[in-house]
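Geometric and topological summary
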Amino acid sequence: MMKGKAAVFTGVGAPIEIREMEVPRPEPGAALVRVRMCTVCGSDVHTWLGHRSGDVPGIFGHETTGELVELGDGLTHDVLGQPLKVGDRVTYAMYANCGACYYCRVANLPQKCVKLHKYGHGRCDVFPFWTGGFAEYLYLAPGTVIIKVPDELSDEEVTPINCATSTVASGLETIGVRPSESVVVMGLGMLGITACAMSKDRGAGRVIAVDVDPARLELAQRFGADEIVQVGSATAEDLGERIRSLTDGRGADLVVEVAGSSRVVPAAIEMCAIGGRFLTLGLVSPGAHAEIDWWKVVFKCLTVRGVHNYAPRHLVQSLDFVRRTRDRFPHGDLVTHSVGLVETERALELCRDRVALRVAVVP
Ligand SMILES: [Zn+2]
Ligand SMILES: [Zn+2]
């Protein structure tokens with residue numbers, strides 16, 4: 001039996017352990033991949049720090065790319081109809097869904113499947129063991145949407161596609177980006193930088209990036225931001241005024257929260273124009289309370305919308321987006337650090353400390 005190594009989470013505050021585990025052969029419809037790269041997502045850090053519960057022992061990491069090592073019976077083609085073979089580099093949805101339940105078939109929210117198997121979350125001491133990307137192998141359960149990736153893309157360009165890029169695609173499709181409208185992006189982590197570029201690509205007029213960090217504001221300008229606003233001690237009202245001054249006095253048609261902090265919500269509501277929309281993608285941990293004057297939501301006729309994760313079509317859109325815009329936006333530059341599997345904990349620390357947008361673990 002083949003064996004491999006994984007970086008195992010054993011509890012909040014405990015060190016990440018490197019363990020050797022047996023590698024199972026894939027069941028029908030499943031696939032085994034050798035992980036080429038796994039980037040640390042903010043949600044890995046949230047679970048590691050105990051902001052939300054995580055299975056123990058478990059393997060973090062869902063933003064990954066890998067190459068096929070073995071295909072289970074019946075798995076012959078990817079979701080686009082391209083034949084699959086051992087050695088192919090692939091991206092995949094960050095979950096397997098059943099395809100048969102109410103959320104899969106009726107509600108059009110496969111990411112809420114009642115039998116959802118999400119990578120980077122499950123226990124690693126029960127079959128199929130290889131549940132997360134900070135490991136040499138990942139077991140793609142039956143029902144995982146797989147796409148072969150073009151050779152021209154680097155691992156740095158491909159890896160964030162199946163979480164960060166697809167989540168932004170899901171949010172922007174849901175809320176809609178209309179031609180020439182103004183878009184404010186609050187929070188310039190990986191999702192925020194991507195939201196600037198993708199809004200622009202979808203036809204936005206003026207894109208305004210908002211963050212505390214001057215380096216990230218500068219980076220946003222390489223990813224489609226036309227204006228930048230550095231947040232210091234400004235009040236929500238001040239920020240609303242600032243955005244109106246950049247949008248012909250009206251405010252933003254669309255405000256996207258990707259800051260991951262509910263403290264920005266009052267300012268977001270202030271920034272919205274009459275008839276504007278507010279999309280929140282970043283508040284992924286419980287306890288994201290904010291006090292807002294709901295009168296403003298009614299009076300300004302606002303649309304408020306939350307979106308969590310994505311459907312497989314957003315993975316397709318994201319791969320296309322990165323491939324199509326790679327000469328315009330330096331997607332690969334967002335992965336700034338790379339460490340080996342034994343340094344997985346350091347990778348988590350670098351993200352916790354906001355040193356890097358994306359740190360890659362290369363097992
Ligand atoms: Zn993620
Ligand atoms: Zn389902």
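My aim in this report is to walk through the structure given alongside it, one point at a time. (Residues numbered from 1 in each chain as written. Chains lettered and ligands numbered in written order. Predicted model: local features only at pLDDT ≥ 70, side-chain atom pairs only at ≥ 80, totals over all residues. Heavy atoms only, no water.)

1. A short note on the nonpolar core
Of all hydrophobic cores here, the largest spans 49 residues; its most connected members are L172, L188, I193, C196, L254, V256 and L279. The greatest single-element share of this core, amounting to seven residues, is contributed by helix α5 (residues 190-201). For V256, the contacting residues outside a window of four places in its chain are L172, V183, V184, V185, M186, L279 and L281. Counting 44 residues, the second-largest nonpolar core is a separate cluster that includes A7, V23, V33 and C124. (Core = buried A, V, L, I, M, F, W, Y, C linked by side-chain atoms within 4.5 Å. Buried < 20%, exposed > 50% of the residue type's maximum accessible area, 1.4 Å probe, protein only. Helix = DSSP H or I, 4+ residues; strand = E, 2+ residues; numbered from the N terminus. Contact = heavy atoms within 4.5 Å.)

2. Re the coordination of the zinc ion (ligand 2)
Binding of the zinc ion (ligand 2) to the protein goes through C98 (SG), C101 (SG), C104 (SG) and C113 (SG), at separations of 2.3 to 2.4 Å. Classification of the site at the zinc ion (ligand 2) as tetrahedral follows from its four donor atoms and the range of 102 to 119° in their angles at the metal. The sequence pattern formed by the donor residues of the zinc ion (ligand 2) is C-x2-C-x2-C-x8-C. Judged on exposure class, the residue C104 and its partner C113 are both buried. (Donors = N, O, S within 2.8 Å, 3.2 Å for Na, K, Ca; no water. Tetrahedral: all angles 85-135°; square planar, octahedral: opposite > 155°, others 65-115°.)

3. Things to note about the coordination of the zinc ion (ligand 1)
The coordination sphere of the zinc ion (ligand 1) contains the protein donors C41 (SG), H62 (NE2) and C163 (SG), at a distance range of 2.0 to 2.3 Å. Summarised as a motif, the one-chain spacing of the donors to the zinc ion (ligand 1) is C-x20-H-x100-C. Residue H62 is found in the loop between α1 (42-49) and β4 (63-71), and its partner C163 is found in the loop between α3 (155-158) and α4 (164-175); the two are separated by 101 residues along the sequence. Take H62 and C163: they sit in the same class, and that class is buried.

4. Let's talk about the sheet that holds strand β9 (residues 183-186)
The strand order β11-β10-β9-β12-β13-β14 describes an open sheet built from six strands, whose pairing is parallel. Of all strands in the sheet, those with a lone pairing partner are β11 (227-230) and β14 (303-306), marking the two edges. Between one strand axis and the next, the sheet turns by 15° as a mean value, whatever way the strands run. Relative to strand β10 (residues 207-211), β9 is paired through four bridges, and the arrangement is parallel. Along β10, the bridge assignment pairs V184 with I208. Each of β12 (252-257), β13 (272-280) and β14 touches α4; the most contacted strand, β13, lies at about 150° to it. Contacting β10 and β11, helix α6 (residues 214-221) crosses the sheet at an angle of about 170° to β11. (Pairing = 2+ DSSP bridges. Axes fitted to C-alpha atoms, helices over the stretch in contact; angles between N-to-C directions.)

5. Points about a nonpolar patch on the surface
Taken together, Y102, Y103, V106, L109 and V114 make up a surface patch of nonpolar side chains, about 490 Å² in accessible area. Tracing the backbone through its elements, the reader meets V106 in the loop between α2 (102-105) and β6 (117-118). (Patch = residues over 30% accessible without salt bridge, like charges linked within 9 Å, V, L, I, M, F, W, Y side chains within 5 Å. Areas by Shrake-Rupley, 256 points an atom, 1.4 Å probe, with all protein chains shown as cover. Salt bridge = Lys/Arg side-chain N within 4 Å of Asp/Glu carboxyl O.)

6. So, unusual backbone geometry
In this model, V56 is joined to P57 through a cis peptide bond whose omega is -10°. Structurally, the position occupied by P57 is in the loop between α1 and β4. Omega for the peptide link from F127 to P128 comes to 5°, which places this bond in the cis form. Position of P128 among the secondary structure elements: in the loop between β6 and β7 (137-140). At N108, a position not held by glycine, the phi torsion is positive, near 60°. Summarising the element assignment, N108 is placed in the loop between α2 and β6. For N108, a relative accessible area of 47% gives the class partly exposed.

7. A word on the environment of N162
Note on placement: N162 falls in the loop between α3 and α4. With 36 residues separating them in the primary sequence, N162 and V126 have C-alpha atoms 25 Å apart. In this structure, N162 is in contact with H62, E63, T64, T91, Y92, M94, Y310 and L315, ignoring residues within four places of it in sequence. One polar contact links the side chain of N162 to the main-chain amide nitrogen of T64, over a distance of 3.4 Å. (Polar contact = N/O pair within 3.5 Å; in protein donor to acceptor, adjacent residues only side chain to side chain.)

8. Looking at α6
Side chains three or four residues apart in an α-helix point the same way, a direct result of the helix having 3.6 residues per turn. Buried within α6 we find R216, L217, L219 and A220. Considered in projection along α6, the buried side chains sweep an arc of 160° and stay on one side of the axis. Exposed residues pointing more than 90 degrees away from the buried face of α6 are listed as P214, A215 and E218. Tucked inside the fold, the buried residues of α6 contact α5, β10 and β11. In this structure D213 caps α6, since a side-chain oxygen of it lies 2.8 Å from the backbone nitrogen of A215. (Arc of directions from axis to C-beta.)

In short, shape yes, function no, at least from these values alone.
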